[in-house]
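Coordinate inspection notes
The chain contents come next:
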Amino acid sequence: MMKYNYGTDQNKNWIIAENKFSPDTLAKVESIMYLGNGYMGVRSATEEAYIDEDRMTVINGTFNRFNNTEVTELPNIADVTNIEFYIDNERFTIGNGSTNSFVRYLNLRTAELIRKISFVTSTKKMVEFEFRRFVSLDNLHVIATKVEIQTDENVIIKMKSGIDGQQTNNGVQHFDEGEKRVFDQKYLELCQHTTESDIDIVIHSAHKFYKCTQEFTPNLKMEIKRRQIFMNYRFEVEKDNPIHLEKISSFHTSIDSDISGDSLVGLKTESLSRFKEIESLGYDTLFMAHKNKWLKDVWNRYNVQLESEEDFDVLAIRFALYHLIAMTPRHDDRMGVAAKGLSGQGYKGHSFWDTEVFILPFFTFFAPEIARSLLMYRYHGLRGARQKAIDNNYQGAMYPWEMARPEDGETTPVWGAVDIITGEQTKIWSGFIEQHISSDIAFAVHQFLNATGQQDFIDKFGYEIIFETAKFWLSRLEWNKADGRYEINDVVGPDEYTEHADNNAFTNYMAHLNIMIARDGMEKLQRENQELYEELNERLKLSKLRNEITKKIDKIYLPEPNEDGVIPQDDKYLTYDNLDLSVYKQSEAVGILFDDYNLDQVNKMQVTKQADVVLLLLLLEQTRYYQEEITAQLKQVNMDYYEPRTTHDSSLSLSTHAIIASDLKDVDAAYNFFKRASEIDLGPYMHSSDEGIHAASIGGIMQMVLFGFAGVRLKGNLLTINPNLPDKWKYLEFTIYYQGQPINIEMDKELLTVKPINQEQISIKVNEKNYKIDNATTIKY
Ligand code: BGC
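Residues numbered from 1 in each chain as written. Predicted model: local features only at pLDDT ≥ 70, side-chain atom pairs only at ≥ 80, totals over all residues. Heavy atoms only, no water.

1. Re the overall build of the protein
The helix and strand tally for the protein stands at 19 helices and 33 strands. Taking 28 Å as the expected radius of gyration for a compact globule of 781 residues, we find that the protein reaches 27 Å, a close match to that expectation. Dimensions along the principal axes, computed over C-alpha positions, put the protein at roughly 85 × 60 × 55 Å. Put simply, the protein has 781 residues, and 62% of those count as buried. Residue pairs at least 24 apart in sequence account for 68% of intrachain contacts in the protein once pairs closer than 6 positions are excluded. Looking at the protein, you have 85 positive and 118 negative side-chain charges, and the mean spots of the two groups are 3 Å apart. (Helix = DSSP H or I, 4+ residues; strand = E, 2+ residues; numbered from the N terminus. Rg over C-alpha atoms; globule rule 2.2 N^0.38 Å. Buried < 20%, exposed > 50% of the residue type's maximum accessible area, 1.4 Å probe, protein only. Contact = heavy atoms within 4.5 Å. Lys, Arg positive; Asp, Glu negative; His and termini not counted. Charge placed at Lys NZ, Arg CZ, Asp CG, Glu CD.)

Dropping the structure here:
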């Protein structure tokens, strides 16, 4: 059972807890309480193993492809979290004895996982365990565990702990057998080498034992097996004389940017010497540094303060911030954010449009340097995107729907869930024809420039992304002679329940937008930076691109609203039958529609998986091109039309609906969408996050706060603020970055205060009124 109000006093609304151990729902807790620092992610499996656990450690960027019939994935690296205890020769496992009390919780503020158990053995001895664990934000390579054991009678404890490389990705083993060794009867070392991508990983672990504060050395037996290395310790715990033990471990890889050597020997030597230093510091010192980093670099920096009548709302926002930090690589721009962060094997560690449309906007406004690094990942990805375009007979850069290593190109698996009618696996078309990802990335680059003003990024990297994606679209357009227009046929739009759609409005408008941004970027370059223009012209053939744009841009088919004001999702959607979705909408589980229908049938219904046209309106409105067109009326009509037809089976859906509902001043509906979105991972449903948390939904939580309730939005490059606080919210404060300057924004139900911290003048628009401010300015709204 999850408990969301476990924290009190200074921990109020900082704790997510489970207060009854449930062996059937281990996976959810492992995911939502996982520990990560952008470099690595470790699912929060308990120390002792259980049958349904899904133990996992991954390191960002270490992708490996098992063979040609499988796609590349983030391998499950050797585990250091498993520790088995035997109490008087009886294995410690909840179920073997009885449990007086149990709690497992994640403290979001300090990013520490804690578990306390009062356990009674079959011979009625009471043993109290307290486990603590963290993955350091201060030293990204480090994970540490501390265990305290206290008993009411003397017991003999046997403990088996080490480094276990027998982990797999659902049965797939990604590593060759590597060297294993113990140094000084203390430092364990295990090496792994990925079978295809040629990456070395070196893992170290060491244990320390204390009685009171006195270190002691238990009886020890070392054990080496295939892909495993263990220490077997034996010691006595005397009645009322607690002992505590620490296990410190580190992970280093040959792709780490902070490792100097390029040979395995060098990696081993450097990482071992670093490890000895780290290990000597001990849990408490390492934890202090980690905790201070979270306080300073996360909680103080992002400074999101909410006063709400609902404590859960405060927790939900902190939960989102916690996970955004845990999942996002800040240390290396060759890496992206995966759809499940670093929290589970779902989606294999791949990055989707989830990053650009749902996660990046948070970083663009709150931590532009991280947004820039994520966009660099896409810049490096131009290699794979160009190859994908060539493979499909197009030009420019066609970004993969799922991206792993930047050079990989497309990594979407081809076969998916079972078809209820035929019993065969359903083909996943996204990797072939879900193409809007290319314009989503171009849009994100454009938005990044508008928000940050970082022209140097655009000059060095952004233009290339924009021009190359525009080239792709221009080569992708299909001429319809009869209607005298360019079309984009046979695609999957955001609504993945409609496959092989012709002229999906989202895809067409976003492609057109991509081309407009390229056209205007080229003009600006020519005007302002002739030298760079010449250089890019030479390399990217801009003159040719310009001719193509001139020839085609005004003839691209952009589906207009029909007589009722509804923008047709695609050519056929509005002609299909409706389906009563009420039973499906009430279900906690997603995709249950497919227990009754197969995809071919759903394809021909007015059923939408997730925000599609509604999302389009949200994105277009943020550009200067669509200021006039996206009216409240257009939003209302399309929301009213599409929302009842939307199952929200994708976690990417609710946040967009919350923002549009906020725009329409339907604050109750917006708040309701917010609640439901927050409950995707944090709610009572115990299987929603088995394969990992929902990264885009978590990014969406912050978008609902920023774009929706605070009403902060870019329109072109103008900062607009139209607050729509829900009834239960009394006060909201945060600090965003706009044009390089931190801007503190505070609001209650009546007053909005905007404070440019560096006192540089900015233009803002609040509820249709323009202001120029360079100091804290309070506006009654
Ligand atoms: C959604 C996609 C999303 C993917 C990864 C799918 O279920 O339909 O839009 O990119 O999940 O989160």
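There's plenty left to go through after this.
2. Digging into the sheet that holds strand β4 (residues 40-42)
Here three strands make up an open sheet; going across it, the order is β3-β4-β5 and the pairing antiparallel. At either end of the open sheet lies a strand with only one pairing partner, and these are β3 (35-36) and β5 (57-59). Bridge count between β3 and β4: two bridges; the pairing is antiparallel. When the sheet's bridge partners are listed, Leu35 is paired in β4 with Val42. (Pairing = 2+ DSSP bridges.)

3. A few points about unusual backbone geometry
At Tyr347, a position not held by glycine, the phi torsion is positive, near 60°. With respect to the helices, strands and loops of the structure, Tyr347 is situated in the loop between α3 (311-327) and α4 (354-366).

4. Some thoughts on the packing of aromatic side chains
In this structure the tally under the stated criterion is 47 aromatic pairs. For the ring pair Trp14 and Trp299, a centre distance of 4.7 Å and an interplane angle of 80° mean the geometry is edge-to-face. Residue Trp14 is found in the loop between β1 (2-3) and β2 (15-18), and its partner Trp299 is found in helix α2 (residues 264-302); the two are separated by 285 residues along the sequence. The exposure classification of Trp14 matches that of Trp299, with both residues buried. Relative to Trp473, the ring of Phe472 lies with its centre 4.8 Å away and its plane at 55°, an arrangement referred to as tilted. Trp473 shares its class with Phe472; the two are buried. Within the aromatic cluster, the residues linked to one another by ring pairs are Tyr347, Phe352, Trp353, Phe358, Trp401 and Phe506. Taking the ring centre of Phe216 as reference, the NZ or CZ of Lys211 above it sits at 5.3 Å. The ring of Phe432 carries the charged tip of Lys427 above its face, separated from the ring centre by 4.7 Å. (Phe/Tyr/Trp six-rings, centres within 6.5 Å; stacked < 30°, edge-to-face > 60°. Lys NZ or Arg CZ within 6 Å of the ring centre and 35° of its normal.)

5. Concerning the environment of Ile549
With respect to the secondary-structure elements, Ile549 resides in helix α12 (residues 542-552). For Ile549, a relative accessible area of 3% puts it in the buried group. Considering only alpha carbons, one finds Ile549 and Ile515, 34 residues apart in sequence, at a separation of 7.1 Å. Excluding anything up to four places from it in sequence, Ile549 contacts Leu474, Ile515, Ala518, Arg519 and Met522.

6. Here's the deal with the site of the ligand
What surrounds the ligand is the set Ala339, Tyr347, Phe352, Trp353, Asp354, Trp401, Glu496, Lys609, Gln610, Ser650 and Leu652. The separation between an oxygen atom of the ligand and a polar side-chain atom of Tyr347 is 3.0 Å. Here Asp354 contributes a side-chain N or O atom positioned 2.5 Å from an oxygen atom of the ligand. (Near = heavy atom within 4 Å. Polar contact = N/O pair within 3.5 Å; in protein donor to acceptor, adjacent residues only side chain to side chain.)

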